[in-house]
Amino acid sequence: MQEKEQLLTLFVDNAPAAIAMFDREMRYLAVSRRLLEEFHLAKEELIGRSFYEAFPDMPEYWKEAHRRVLAGETVRCKEEKYIQPNGKVEWIQWEKRPWFFRGEVGGMLIFIEIITERKEAEEGMRLAEMVYQGSSEAMMVTDENNNIISVNPAFEQITGYKAEEVIGKDPHILKSGKHGPDFYQAMWKSINEAGKWEGEVWNRTKDGMEFSILTKINTSFTADGRVFRRVALFSDITEKKKSDELIWQQANFDTLTGLPNRRLFRDRLNHEIRNARRTRLPLALMFLDLDGFKDINDTLGHDMGDLLLKETAERLKSCLREIDIVARLGGDEFTIILSELHDIGRVDRIARHILQQISRPFKLGEEMAHISASIGITLYPQDALEMENLLKNADQAMYSAKQEGKNRYNFYTRDMQELAMYRMRLINDLRDALGEGQIEIVYQPIVEMKTGCISKAEALIRWQHPTRGLINPNDFISAAEETGLITSLGDWIMQEAVNQAAKWRVQYHLQFQISVNVSPVQFRNDNINFTTWSNYLEKAGLSGDAIVIEITEGLLLEASDKIKEQLLIFRDKGIEVALDDFGTGYSALSYLQKFDIDYLKIDQVFVRNVAPGSTDMALCEAIIEMAHKLNIKVIAEGVETEEQRSLLAGAGCDFMQGYLFSKPLPADRLDDLLSKGVGLTPLQ
Ligand code: C2E
Ligand code: CA
Ligand code: CA
């Protein structure tokens, strides 16, 4: 019996598994060495002790399992996390079953297996499978005979083949025919020698579409070094190529018109200049700017503005050869490169053609819009050799085309260069002009027809330049506007005008008014503070009606709420508003109605040609009649002759201004006139 027991213990000790045997009280009877080794336990710690003493933190379900085992059941656990005394996490699997002695449960046998490695391998497999199935990269597995044994869903998607259509087949079904036999030979050489290959392959989908694919082939070998599987991984670079293209597109092309943008344009110009140097054929660079585009944008909205730009791009392209380059620099600025000019005369013809095309009406939604363009042209190598200079030239030429009345093209000339320099210096000088007392105001009388009296005067600015002499406002107002100097200049003029009005109201006439020109830029400027103007009035003890503000039609076209608000403020203060240069701009009646306008000034160009039966006479009559219907008084500008005066007076014109009555005069000279009580008599 004792021997039998010893044999039994020996068997348990040496069993090639981790086993332990317990009695009914769950005391250890025997443990295999394998168990002690694998779980880092010592036999002395266990034998004679109870399982519960050895593992005080035993989970509840173990105890439950033990109860069931002692009742005769077998309990298995397929996997369970187990933490070794050294902290290592293992996965175990166990089985606990009763052992019987004389038909009774004598205790429990436990069999434990560490399955960490297997579990990790399984997990790895599961992960690999997940990647394989879910990857956006196509994968294909072939066997040692190069037959496809598996493909993943991405493969099906990219190639158009279903798995069942390709399994068992040779991968050459994907061949596009774009590569020669050499290509495949080299590929196989590498696969056979190194077990792998990587490169770009053109393949063909099921329905014949060719696609470029980055392919990686790897081999997995059997333990004895034979080919087991080959795995091919395809990354579809057609997509990547497309997105590369998209990025390139976005970086170099204007999204609205699809034309090259500024960046690409500069690249191309650089390239064309080098080309011209080589071929010794001239090239022309054109700058094109649309005239009045802003107004279209403001009145019809940005969507329509965009439409117009798109259409402009199309029209420009239609005027050019394939090899010529049109680009959009931004806004309504386009540029054109005409290269390899065998015949310089072509530049003229193209410029004319472009102007003609742009002046055709544009259909924008329901509206028809008319627009024109100003073009500046410079030639390489005649005008300049360097890119930057060519750009500057074309810009100057374009600017001069604008200055000369728009809807035209100008070639760059050296005079332009000088003019540009002159402008730059002028702007510089203008910064100091006000502080140094070079700016003066002259006043031009405005005569009321009903009474024949001078009842108003227009304040006009003059610049006494220390070296250049008298400079007319037309030559520097635009510069003042561009630089923002107009704001401080305008404030100063208002202050002067208010003070002058105060004097004349006291000395001469209590209703006397001075009209002051206000630039649209002053309205747009956010810093403008019209309240300072009412402060001037208050300080001078004047009511608002001492001042008339002259604005232009363009300002009303902007029709922004801000401008409306400002005009309302004037209204509240009693300041009157005159619409200057009427007839030269848009002359939209709807605007006159929308805004509270007190006076309308008929531009000199109409007055100049007033003669009995002339179109301009009819126009003036129509304007006057219409204005009166809207309760607006009319001032005729630039009245120079007695005939003009009598015709316009006959048409019902309310006020007149012009050399016939008086040129603009310094304040003291006008003082003399006023005190003499001069009315309608022409002045020398
Ligand atoms: P505008 O407001 O249309 O002013 C009338 C212009 O016509 C003045 O030119 C005036 O001298 C001129 N003129 C008056 N009567 C006659 C005439 O019988 N025949 C001819 N041929 N011309 C006549 P000026 O003073 O050279 O001013 C030119 C423009 O400069 C003005 O046109 C106005 O737009 C602008 N300007 C003048 N002063 C100011 C100012 O203080 N602020 C602003 N923002 N603009 C001003
Ligand atoms: Ca004016
Ligand atoms: Ca005017």
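Calculation rules
Residues numbered from 1 in each chain as written. Chains lettered and ligands numbered in written order. Predicted model: local features only at pLDDT ≥ 70, side-chain atom pairs only at ≥ 80, totals over all residues. Heavy atoms only, no water. Helix = DSSP H or I, 4+ residues; strand = E, 2+ residues; numbered from the N terminus. Rg over C-alpha atoms; globule rule 2.2 N^0.38 Å. Contact = heavy atoms within 4.5 Å. Areas by Shrake-Rupley, 256 points an atom, 1.4 Å probe, with all protein chains shown as cover. Lys, Arg positive; Asp, Glu negative; His and termini not counted. Charge placed at Lys NZ, Arg CZ, Asp CG, Glu CD. 1 Å grid on protein atoms, 1.4 Å probe; cavity = no way out; pocket = protein on both sides within 12 Å on 5 of 7 lines; lining within 4 Å. Points joined across faces, edges and corners; volume = space filled by probe spheres on them. Nonpolar A, V, L, I, M, F, W, Y, C, P; charged D, E, K, R; others polar. Donors = N, O, S within 2.8 Å, 3.2 Å for Na, K, Ca; no water. Buried < 20%, exposed > 50% of the residue type's maximum accessible area, 1.4 Å probe, protein only. Near = heavy atom within 4 Å. Polar contact = N/O pair within 3.5 Å; in protein donor to acceptor, adjacent residues only side chain to side chain. Pairing = 2+ DSSP bridges. Axes fitted to C-alpha atoms, helices over the stretch in contact; angles between N-to-C directions. Salt bridge = Lys/Arg side-chain N within 4 Å of Asp/Glu carboxyl O. Phe/Tyr/Trp six-rings, centres within 6.5 Å; stacked < 30°, edge-to-face > 60°. Lys NZ or Arg CZ within 6 Å of the ring centre and 35° of its normal. Disulfide = S-S within 2.5 Å.

A. Focus on the overall build of the chain. The number of helices and strands found in the chain is 27 helices and 27 strands. Against the globule reference of 26 Å for 684 residues, the chain gives a C-alpha radius of gyration of 48 Å, more extended than a compact globule. Long-range pairs, those at least 24 residues apart, make up 56% of the contacts in the chain between residues at least 6 apart in sequence. Accessible surface, the chain: about 36200 Å² in total, of which carbon and sulfur atoms supply 51%. Taking the 83 positively charged and 107 negatively charged side chains of the chain as two groups, their mean positions are separated by 4 Å.

B. Structural view of empty space enclosed by the protein. According to the stated counting rule, one finds four cavities of 30 Å³ or more in the structure shown. Estimated volume of the largest cavity: approximately 120 Å³. Together, 14 residues line the largest cavity, and Y28, L35, F51, F55 and I112 are the ones closest to its centre. Where the lining of the largest cavity is concerned, the elements lending two or more residues are β1 (18-23) and β5 (104-114). A class-by-class count of the residues in the lining of the largest cavity yields 14 nonpolar, no polar and no charged.

C. Molecular detail of the coordination of the calcium ion (ligand 3). Within the first shell, the calcium ion (ligand 3) binds the protein through D580 (OD), D581 (OD), E637 (OE) and E637 (OE), at distances of 2.1 to 2.5 Å. Taking relative accessible area as the criterion, D580 reaches 7% and is therefore assigned buried.

D. Highlighting the site of ligand 1. Around ligand 1, the surrounding shell holds 21 residues, and the nearest of these are Q444, R462, Q604, E640 and Y659. Taking I461, its main chain carries an N or O atom lying 3.1 Å from a nitrogen atom of ligand 1. A distance of 3.3 Å separates an oxygen atom of ligand 1 from a polar atom in the side chain of D581. Surface burial for ligand 1 is 84%, taken as the share of its 790 Å² of free accessible area covered by protein chains. Among the secondary structure elements, those contributing two or more residues to the shell around ligand 1 are β19 (454-465), α17 (473-483) and β23 (576-582).

E. Region of the structure containing the environment of I486. Within the secondary structure, I486 sits in helix α18 (residues 486-507). Look at I486 and you get buried, because its relative accessible area is 5%. Expressed as a C-alpha distance, the spacing of I486 and Y161, which sit 325 residues apart in the sequence, is 72 Å. Not counting residues within four places of it along the chain, the set of residues in contact with I486 comprises I477, A480, E481, S519, V521 and Q522.

F. Representation of the coordination of the calcium ion (ligand 2). Here the calcium ion (ligand 2) is held by E458 (OE), N517 (OD1), E550 (OE) and D580 (OD), and the distances to it run 2.1 to 2.3 Å. Taken in sequence order, the residues that donate to the calcium ion (ligand 2) follow the motif E-x58-N-x32-E-x29-D. A spacing of 4.0 Å is found between the calcium ion (ligand 2) and the calcium ion (ligand 3), which share D580 as a donor. Of this pair, N517 sits in strand β21 (residues 513-517) while D580 is found in strand β23, placing the two residues 63 residues apart along the sequence. Classification of N517 by relative accessible area gives partly exposed; the value is 31%.

G. Main features of the sheet that holds strand β4 (residues 89-101). Here we have five strands laid out as an open sheet, ordered β2-β1-β5-β4-β3, and antiparallel in their pairing. Single-partner strands in this sheet number two, and they are β2 (28-31) and β3 (75-83). Sheet twist, expressed as the mean angle between neighbouring strand axes with direction ignored, is 25 degrees. Looking at chain direction, β1 and β5 are connected through six bridges and run antiparallel. Following the sheet pairing, A18 is matched in β5 by I112. The sheet strands contacting helix α5 (residues 60-70) are β3, β4 and β5, and the helix crosses β4 at an angle near 25 degrees. In the packing of helix α6 (residues 116-134) onto the sheet, the strands contacted are β3, β4 and β5, and the crossing angle to β4 comes to about 130 degrees.

H. Expanded view of the sheet that holds strand β16 (residues 372-380). Taken in spatial order, the five strands of this open sheet run β12-β13-β11-β16-β17, and their pairing is mixed. In this open sheet, the two strands that pair with only one neighbour each are β12 (325-330) and β17 (408-411). In this sheet, adjacent strand axes meet at a mean angle of 20 degrees when their direction is disregarded. Bridge analysis of strand β11 (residues 283-291) against strand β13 (residues 333-338) gives six bridges, and the strand direction is antiparallel. Directly across from A284, in β13, lies its bridge partner L338.

I. Inspection of the pattern of salt bridges at higher detail. For the structure shown, the criterion picks out 39 salt bridges. For K317, the salt bridge is made with E314, and the minimal N-O distance between the two is 3.5 Å. Here E314 and K317 lie together in helix α13 (residues 302-318), a separation of three residues that amounts to about one turn. Across the salt bridge formed by E625 and K629, the nearest N and O atoms sit 3.5 Å from each other. In this pair, E625 and K629 both sit in helix α25 (residues 615-629), four residues apart, roughly one turn of the helix. Taken together, the salt bridges that share partners define one network made up of E60, K63, E64 and R67.

J. Spatial organisation of the packing of aromatic side chains. Summed over the entire model, instances satisfying the criterion amount to 19 aromatic pairs. Ring geometry for F22 against Y28: centres 4.5 Å apart, planes inclined by 50 degrees, an arrangement best described as tilted. Given the relative accessible area of 1%, F22 is considered buried. Ring geometry for F183 against Y184: centres 5.2 Å apart, planes inclined by 85 degrees, an arrangement best described as edge-to-face. Aromatic rings pair up to connect F22, Y28, F51, Y52, F55, W62 and W94 into one cluster. Over the aromatic face of W94 sits the side chain of K96, whose NZ or CZ is 4.1 Å from the ring centroid. If you follow R315 out to its NZ or CZ, it ends over the ring of F362, 3.7 Å from the centre.

K. Broad picture of the state of the cysteines. Applying the stated criterion across every chain yields a total of zero disulfides. The structure places no disulfide on C453, whose sulfur is separated from the nearest cysteine sulfur, that of C653, by 16 Å. Classification of C453 by relative accessible area gives partly exposed; the value is 34%. Here C653 stays unpaired: no disulfide links it, and the sulfur of C620, its closest cysteine neighbor, is 8.1 Å away.

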